[in-house]
Structure formats: C-alpha cells, structure tokens
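# A closer look at the structure
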2 protein chains.
Amino acid sequence: MSFKIITISREFGSGGRAIGEMLAKELGYKFYDKEIIAKVAEESGLAEEYIAKRGEYSNGKSMLSYAFSGRTSTGMSIDDYVFKIQKGIIKELADGEPCVIVGRCADFILQDREDVFNVFICADMKEKINRVCMQYELGMAAAEKMINDMDKKRSVNYQYCTERKWAQAKNYDICLNSSDVGYDGCVSMIKSVVEK
Amino acid sequence: MSFKIITISREFGSGGRAIGEMLAKELGYKFYDKEIIAKVAEESGLAEEYIAKRGEYSNGKSMLSYAFSGRTSTGMSIDDYVFKIQKGIIKELADGEPCVIVGRCADFILQDREDVFNVFICADMKEKINRVCMQYELGMAAAEKMINDMDKKRSVNYQYCTERKWAQAKNYDICLNSSDVGYDGCVSMIKSVVEK
C-alpha cells in the first residue's frame, strides 16, 4: 500500500508541525498548514485571524450558545459553518497532489480513504515548555499554562467536530514521542512506513 | 539514552504479545508475560487462574462493592492486594536483567525510571477479528464482542489502578498500528529507537 496523504496531529509544543514540514520536504509532498486557513477564510468570507482561532480551537460552546450567538444565513452555527468549509477544502486537497496536512481533524475528515497515513506527535512536558518559552517569549509557568490551554481547546474542538476523543492511540497509524525519538527519528520512521 | 526495559501495552487481538516476544528475542532481552501471573500467584497465595483474570481485568467494582466483597486480612480489597503484589514483582523484575514486559500497567508502575521505553500496539478491527476467530475458534460476531469486552475491562482496570486513561497516545513513547506496519515492521522500528 502506498500513502498519498499524511495527516499530522500533535500536542502543542511537540514539534509536530516542524516534523510534518521536514517530512513533506523529504518525500517531495506538498505541505498544508496555514494554507488551509487562507482557503477557508477566502471561501467563508470570514477573517483569517478568526479562522485560525475557530478552525481548530472552537470550544464547542456553540452547542449551548447557538441560539444566542453568531448564526449564518444557512441557520448553522458559525463553528459548524467553518468546519463544513474546512472539510470540503481538506477533501479537495487530498484529491490533488500527495501531501502532508497538519491538524484540523484531517485524520477524521479523510477516514474513508485508504491512502491516508495518520500520525500523532507528542513530547515530554519539560521539552514542550522549553520550546514554547523560546518561541513565544514566555516564562515557564505561562508556557505550561498555554500548552495545557491549547491542548484542551484542540481536544474539545476535535470531540465536537468528530464525536470521537482526541489523542487516542487507536485513531492513528503511528504515535511518536518526539522527545525520545527526535525530529529526524520521527521523520525517518514515518518515511520508512510510507515508502514501503 | 539506552532503554533497559520495554513495556508493551496492547489492544486485544492486535498481536502486541507476539511482537513483544519477537522483540525480546531479537534484543536478547528477557520476556515477561505469564511469568508475572505465576509470581503473583505464588506470593499472594491466590490461584493463577484468578490472578490472570484480576491482574489485568479487575473491573474496578471493588471500589463500590468493597464492603460486601472479598477482603484480605490487611483490610485491602482483593483487587488492591493483587495490584500491590504485581507492582512489587514488576519493580523487582525491572531491577534485574533487561526485559520486555507485556501489559499489567507496567508503563505506569515503572514511570519513575528513565530507562523504560513504553510501547502501545493497536490494529484494525477487521484484522483483530480474524486473529481472534482463529485463535479462539469463534465466529466473527463473537470475536468482535470478545475484543470489545476485553479492551473495556483492560481500560477500566488501568484507570482504576493508575488513575489515568488507557490507550492515550501521550502515555507511550511509540504507538503502532500493527495492521499498517506489520509485526516485523513494529519490531524493527522499536528496535531502531531502543538501540540508538
């Protein structure tokens, strides 16, 4: 079996995005991360900043606050509207050239295809904190809070959109702890299966 | 870093046990699975059959039925008593020769050691059903029910003993789907990290 599409789900600060980018380069695949935000923004007419926030971090509150909050002309909640467009765009990308897609429930959206390889990247908290401290110029306590907050939001968003739990080993073909395996190790392990 | 101990957690029917055994042979490590049951039985004075059932599949009901059910002379519930002995034996084994340990919350029990590499093996339901049909001479529906029941029990037992959720990617260094990667692929991937 050959895998045309690789989805990367990841804990915040685990290096999953960088690993996805390295992998795409090595395989000669397209790499989709922020491009998806731009496409969803274009198609929905909503601001990129808003999509970046809602496309992966909607808090599921729309189920409760639906009647009181933003509502599109179709009668859908805005979270549902964004997810619907995101779904269409990810399916369209998957029909195109071989690619690596980061986040955005792509593993769930593409579950009916047989040429998709799903990866989850996690890391030790200590390393995630160091990485987030440097990247966002934060102190250690603030970095840890940010990591926990972001992962909680990803988890709630994933469960809301997919009705299954985030970060469960069984939903992925391979899960790697980048602290143990290293970025290069992750790339070469995924590559060895995908190219087989 | 070198890893002296490899723990294998696995879905029922995923081939995790066989992969662990192959891995131990290739690395020249000891392999502990049923040996642990025998040791717990010997130390606790309880029957091996009973330990096999309770050591990994206690249903956590002891929390509720504690007052009405089996109670040891120490005042502990029997599930707690079995887990306490199991914990001691696994720690003792880990202090000995390099080894592969299958199941029994070993990943949690040995979490304070730095030389432990934690693996989780899952597989596609179709393959798990085929494997269980052959191994236990069951029909497909009965096999699927057995798989779901066993994993549910493992999950409840793990949560009861460890207070964390079973099969969460973040609790393992590597999680592999044996249907995609193959038994040999799983062994060589784990080996490549452990020997590094």
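Here is what the cut-offs are and how they apply
- Residues numbered from 1 in each chain as written.
- Chains lettered and ligands numbered in written order.
- Predicted model: local features only at pLDDT ≥ 70, side-chain atom pairs only at ≥ 80, totals over all residues.
- Heavy atoms only, no water.
- Least-squares fit on C-alpha atoms with pLDDT ≥ 70 in both.
- Contact = heavy atoms within 4.5 Å.
- Axes fitted to C-alpha atoms, helices over the stretch in contact; angles between N-to-C directions.
- Helix = DSSP H or I, 4+ residues; strand = E, 2+ residues; numbered from the N terminus.
- Parallel < 35°, antiparallel > 145°, perpendicular 65-115°, else oblique.
- Left-handed = near helix turned anticlockwise from the far one by under 90°.
- Buried < 20%, exposed > 50% of the residue type's maximum accessible area, 1.4 Å probe, protein only.
- Pairing = 2+ DSSP bridges.
- Salt bridge = Lys/Arg side-chain N within 4 Å of Asp/Glu carboxyl O.
- Phe/Tyr/Trp six-rings, centres within 6.5 Å; stacked < 30°, edge-to-face > 60°.

### Overview of the relation of the copies chain B and chain A
Expressed as a screw transformation, the operator carrying chain B onto chain A has a rotation angle of 180 degrees and an axial translation of 0.0 Å, and the superposed copies differ by an RMSD of 0.0 Å. Taken together, the rotation and translation relating the two chain copies correspond to the operation of a two-fold axis. In this assembly the copies share their binding face: 100% of the residues contributing to the interface of chain B also contribute to that of chain A.

### Focus on the packing of helix H1 (residues 16–27) of chain B against helix H10 (residues 183–194) of chain B
All names here are of chain B. It is the contact of H1 with H10, at a shortest axis distance of 9 Å, that shows an interaxial angle of 50 degrees. Classified by the interaxial angle, the pair formed by H1 and H10 is oblique. Along this stretch, H1 crosses H10, giving a crossing that reads as right-handed. Of H10, the residues touching H1 (which contributes Ala 18, Ile 19, Met 22, Leu 23, Glu 26 and Leu 27) are Tyr 183, Asp 184, Cys 186, Val 187, Ile 190, Lys 191 and Val 194.

### Points about the pairing of strand E3 (residues 99–102) of chain A
Residue and element names in this part refer to chain A. Neither face of E3 is exposed, since Cys 99 and Ile 101 on one face and Val 100 and Val 102 on the opposite face are all buried. As judged from the 4 bridges shared by strand E1 (residues 5–10) and E3, these two strands associate in the parallel manner. Looking at E3, one finds that Thr 7 is bridged to Ile 101. In this sheet, E3 lies alongside strand E2 (residues 30–32) in parallel orientation, the contact comprising 3 bridges. Within E3, the residue paired with Phe 31 across the bridge is Val 100.

### Regarding the environment of Leu 23 of chain A
Secondary-structure assignment places Leu 23 of chain A in helix H1 (residues 16–27). With near-sequence residues (within four places) excluded, Leu 23 of chain A lies in contact with Ile 6, Ile 8, Val 100, Val 187, Ile 190 and Lys 191 of chain A.

### Comments concerning the pairing of strand E4 (residues 116–122) of chain A
Residues and elements named next belong to chain A. Burial analysis of E4 places 7 of its 7 residues in the buried class, the great majority of the element. Alternating residues of E4 divide into Val 116, Asn 118, Phe 120 and Cys 122 and Phe 117, Val 119 and Ile 121, and every residue in both groups is buried. Direction of pairing for E1 relative to E4: parallel, over a ladder of 6 bridges. The partner of Ile 6 across the bridge, within E4, is Phe 117. Note: E4 against strand E5 (residues 174–177), 4 bridges, orientation parallel. For Ile 121, the partnering residue across the bridge sits in E5 and is Leu 176.

### Regarding the pattern of salt bridges
Under the defined criterion, the tally for this structure stands at 20 salt bridges over all chains. With its nearest N and O atoms 2.4 Å apart, the salt bridge here joins Asp 33 of chain B to Arg 17 of chain B. Placement of the pair is Asp 33 of chain B in the loop between strand E2 (30–32) and helix H2 (34–44) and Arg 17 of chain B in helix H1, with a sequence separation of 16 residues. For Asp 33 of chain B, a relative accessible area of 5% gives the class buried. Take Arg 17 of chain B: its relative accessible area is 32%, and that puts it in the partly exposed class. Beyond isolated ion pairs, a larger network of salt bridges with shared partners links Arg 17, Glu 21, Asp 33 and Arg 104 of chain A.

### With respect to the packing of aromatic side chains
According to the stated counting rule, one finds 8 aromatic pairs over all chains in the structure shown. Ring centres 5.9 Å apart and planes at 35 degrees place the aromatic pair Phe 12 of chain B and Tyr 136 of chain B in the tilted group. In this pair, Phe 12 of chain B sits in the loop between strand E1 (5–10) and H1 while Tyr 136 of chain B sits in helix H7 (residues 125–136), placing the two residues 124 residues apart along the sequence. Centre to centre, the rings of Phe 120 of chain B and Tyr 172 of chain B are 5.1 Å apart; their planes meet at 45 degrees, and the pair counts as tilted. Residue Phe 120 of chain B is located in strand E4 (residues 116–122), and its partner Tyr 172 of chain B is located in the loop between helix H8 (140–162) and strand E5 (174–177); the two are separated by 52 residues in the primary sequence. For Phe 120 of chain B, a relative accessible area of 0% corresponds to the buried category. Taken together, the aromatic side chains of Phe 120, Trp 166 and Tyr 172 of chain A make up a single cluster linked through ring pairs.

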